[in-house]
Amino acid sequence: MQEQYDFNTIELTMQQHWQDKKIFKANEDLSKEKFYCLSMFPYPSGHLHVGHVRNYTLSDVIARYQRLKGKNVLQPMGWDAFGLPAENAAIKHNVPPAEWTYQNIDLMREQFKRLGMGYDWSREFATCDPDFYRWEQWLFVKLYEQGLVYKKNAVVNWDPVDQTVLANEQVIDGRGWRSGALVERREIPQFFIKITDYADELLEDLDKLDGWPEQVKTMQRNWIGRSEGVQVKFTVENNPLVAEVFTTRPDTLLGVSYLAIAPQHPLALQAAEHNPELKQFIAECRNIEVSEAALATIDKKGVDTGLKAIHPITGDLLPIWAANFVVADYGSGAIMSVPAHDQRDWEFAEQYDLPRKVVIQSEPEWDYSNGAFKEHGSLINSGDFNGLGFSAAFDAITNALTNTSKGERKINYRLRDWGVSRQRYWGTPIPIIYCDDCGTVPVPEQDLPVILPEKVDFTGAQSPLKMMPSFYNVDCPTCGKAATREIDTFDTFMESSWYFTRFACNDQNNSMLDDRAKYWTPVDQYIGGIEHAILHLLYARFFFKVLRDQGLVNTSEPFTRLLTQGMVLKDGSKMSKSKGNTVNPKELIERYGADTLRLFSIFTAPPEQSLEWSDTGVEGAHRYLKRLWTFCFKHQEAIKTINSSERPYIEWKEQNAELQQFRRQLYLVLQQANHDMERLQLNTIVSGCMKLLNLMNDVSAYNTAHHDNNIPFASQPGMRLLNKILVVLLRMLWPIAPHISEQIWRDLKCEGELHNIHWPKLASDALAVENMELIVQVNGKMRAKIQVANGSDEESIINDVLQDENVMRFTDGKTVRKTIYVPNKLVNIVVGS
């Protein structure tokens, strides 16, 4: 063993050893319990940052721990390679997106290897590989044939100068990010997948995900947004069109004072033909952002259409307003407005001096000059429904509407169908052909994949596919006549929604998946940022159910346990290149080693909490590893002697109290580590390792004071205990700092190879104690604590309790009516006078 901790040589040597021996290559071993551990795969941006290091180290620690537990572990790595950043980089660096992407993949792969990640690299793929996206195209065609895919017009961001569709993040203050032109909202045809067909199952199955954070499940429930209400029909005076409204508050129906409709609603477009002001308003609304966040803060504006809706119960005429906060493709594009009992409606009514009608009684009396009263209550000013509470009014008003065919009960969802068309170049081509005679024709299976051309001139002004007749001019697969290929590409969420299944069988060329996917899925532990809590996870859950229905997997949920790790902060802010506060892992590895960086990233904070970057914290982690190395170097000859000798059995109960206490401390640390590993409180595992190094120093000092030259090392209890603490420490530390742990294990001639050794087992006799302390309550109030012999039966324990002086003070002269014994914790004596 070298005297100096040469981390660079140690780490490179160990990494080469793992690679040569294919230590982390996974096989389908039915004799073992499988464990599939996965971090959300990265976008190949070119350089890992310390946030990446933390995320992927968490996954590696968990995977290595499960390996030591004897499980058959799969931990793969791949690349989420398509998407907008590659296009932006191509413009900036004047290279095709494919070239930029593959260069970055090569660079990041080496960075991951230098960190010592235990990946099965034989399963690596990038989503821009035709062998991968071929099967995505195949599944899309299957869903199209089954009616789960359809095409309709949808609104997009359009740059009139660059003549291209912009993603939301490319619109800055309403202008195109490159041209600076005012962005327009245009309707263009796009493909949608019917995720809403699975809305109920997606919602209900959240209750089965016991291993998911409640916060994530709540976010998904809210996004799906199941609500029970009533679909109300408002006929329009002297007009054949009808305004349909969904409401969860039919109890407020008698308080409606106007209807608000989207600017693109058919009623608004009809009225605009004779209303210049309305026509101008509709034109202005074309360019507003329609996300919920934007609509929540938008200055609410509207124009009276001049049309009148007829109240379905009272027959009153209600003005219909076109309003900028109503979205055409959400629900029916119309809402009933109750200014007295809805804050948004109140604000709009205040601005345009529209009436409000109070129909819910408030106690004390509500001041409507300050806002709407939104609570439930008894109905007033509602005719035959006066006096009814919310539930009774809900039923009575709904029945009245149903009986007159002016409404019906309905379950509505906030969730919308998934629009998967992107008017971008760097993505999976949508496998559709358009023929004048045959219409929309899916690409036949034998013609898949539709390969994206990679050698292109890319300026960013428009997709190169638009300028490539060799790509879009094709023959119709049905009739053979000249046809054109779809030039839109898929939303990149498509690739990330099923990639985890392909890792199970990435060499399968004849089908999307095979039985290996059924073996490995669901993923046992999935790790990624909270920013993916809604869309990625929701789409992945949906896709997995679709794959199940195709017979390709045999469970319903893709991820059994989910860990959403915290961010890495510097000076209180999230690290980012734009802020100039990133930390380069390469420099840290060169200075301190990968094990130091791994140890710091695990130790500094619990996984789900944010980690504040600290240079001194990194230095502290490095000092700990150096202390461990120095200790082992100092004691190497004695430890190697023990490991290479026959070790006689030691009866620990016959040893002195100090040694027994040292041994007890060892197994208390291990007991806590077992608990913390299972609940993924990995930072405390490092604390346990630090305690064990301190304990080894204490035992070493004891051995110096009690050394007996007449007894061989292997027979001296203190030296044997020191050796035991070390082998437990190295196995606990290996998942976190694997290089130094495995090198020390080798150098000290420990048995076997560390990566094949089992996680250490508890010695129950070391944790056993002669006495246990019980809390004693009298009528539920603590009155005493007593010591009883460990293993005592309940009857003898109760007798000891009743004879305790402190207890007798509260029971004398009273009748003991009941005794309650909670094993190893407390006794409650119930007395009466």
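About the criteria used
- Residues numbered from 1 in each chain as written.
- Predicted model: local features only at pLDDT ≥ 70, side-chain atom pairs only at ≥ 80, totals over all residues.
- Heavy atoms only, no water.
- Helix = DSSP H or I, 4+ residues; strand = E, 2+ residues; numbered from the N terminus.
- Buried < 20%, exposed > 50% of the residue type's maximum accessible area, 1.4 Å probe, protein only.
- Contact = heavy atoms within 4.5 Å.
- Pairing = 2+ DSSP bridges.
- Expected span 1.5 Å × (residues − 1).
- Arc of directions from axis to C-beta.
- Salt bridge = Lys/Arg side-chain N within 4 Å of Asp/Glu carboxyl O.

Asker: Teacher, can you tell me more about the side chain of N55 here?
Answerer: Examined against the element boundaries, N55 turns out to sit in helix α2 (residues 50–68). Given the relative accessible area of 6%, N55 is considered buried. Leave out the neighbours within four places in its chain, and N55 touches S39, M40, I527, G528 and Q565.

Asker: How should I be thinking about the pairing of strand β18 (residues 439–442) in this particular structure?
Answerer: Side chains on a regular strand alternate between the two faces of the sheet. In terms of strand pairing, strand β17 (residues 432–435) meets β18 through 4 bridges, oriented antiparallel. Across the sheet, residue I432 finds its bridge partner in β18, namely P442. Counted along the chain from β17 to the antiparallel partner β18, the turn is 3 residues long.

Asker: Hey, could you run me through the side chain of N723 in this one?
Answerer: Mapped onto the elements, N723 comes out in helix α24 (residues 717–733). Given the relative accessible area of 5%, N723 is considered buried. Residues in contact with N723, not counting those within four places in the same chain, are I639, I642, N643 and R647.

Asker: Would you mind showing me how to read the environment of T704 here?
Answerer: With respect to the secondary-structure elements, T704 resides in helix α23 (residues 683–705). Spatially, the C-alpha atoms of T704 and V53 are 41 Å apart, while their sequence positions differ by 651 residues.

Asker: Please explain helix α1 (residues 7–21) as it appears in this structure.
Answerer: For an α-helix, the turn length of 3.6 residues means that residues three or four places apart are oriented alike. The end-to-end C-alpha distance of α1 is 21 Å, a good match for the 21 Å that 15 residues give at a rise of 1.5 Å each. Turning to α1, its buried residues are F7, I10, E11, M14, Q15, H17 and W18. Viewed end-on, α1 has its buried residues packed into an arc of 160°, placing them on one side of the element. Residues of α1 that are buried in the fold lie against α2, α4 (97–114), α18 (585–592), α19 (594–603), α20 (615–634) and α25 (738–747).

Asker: Please explain the pattern of salt bridges as it appears in this structure.
Answerer: Between side chains of opposite charge, a pair can form when the charged atoms approach closely. The full count for this structure, using the stated rule, is 38 salt bridges. A salt bridge links R424 to E87; the shortest N-O distance between them is 2.7 Å. Of this pair, R424 sits in the loop between β16 (421–422) and β17 while E87 sits in helix α3 (residues 84–93); the two residues are 337 residues apart in sequence, bridging distant segments of the chain. Comparing R424 with E87 shows no difference in burial state: the two are buried. Its salt-bridge partner being K481, residue D437 comes within 2.5 Å of it at the nearest N-O pair. Of this pair, D437 sits in the loop between β17 and β18 while K481 sits in the loop between β19 (473–475) and β20 (482–485), and the two are 44 residues apart along the sequence. What emerges from the salt-bridge pattern is a single network uniting E201, D205, K208, R541, K545, R548, D549 and E557.

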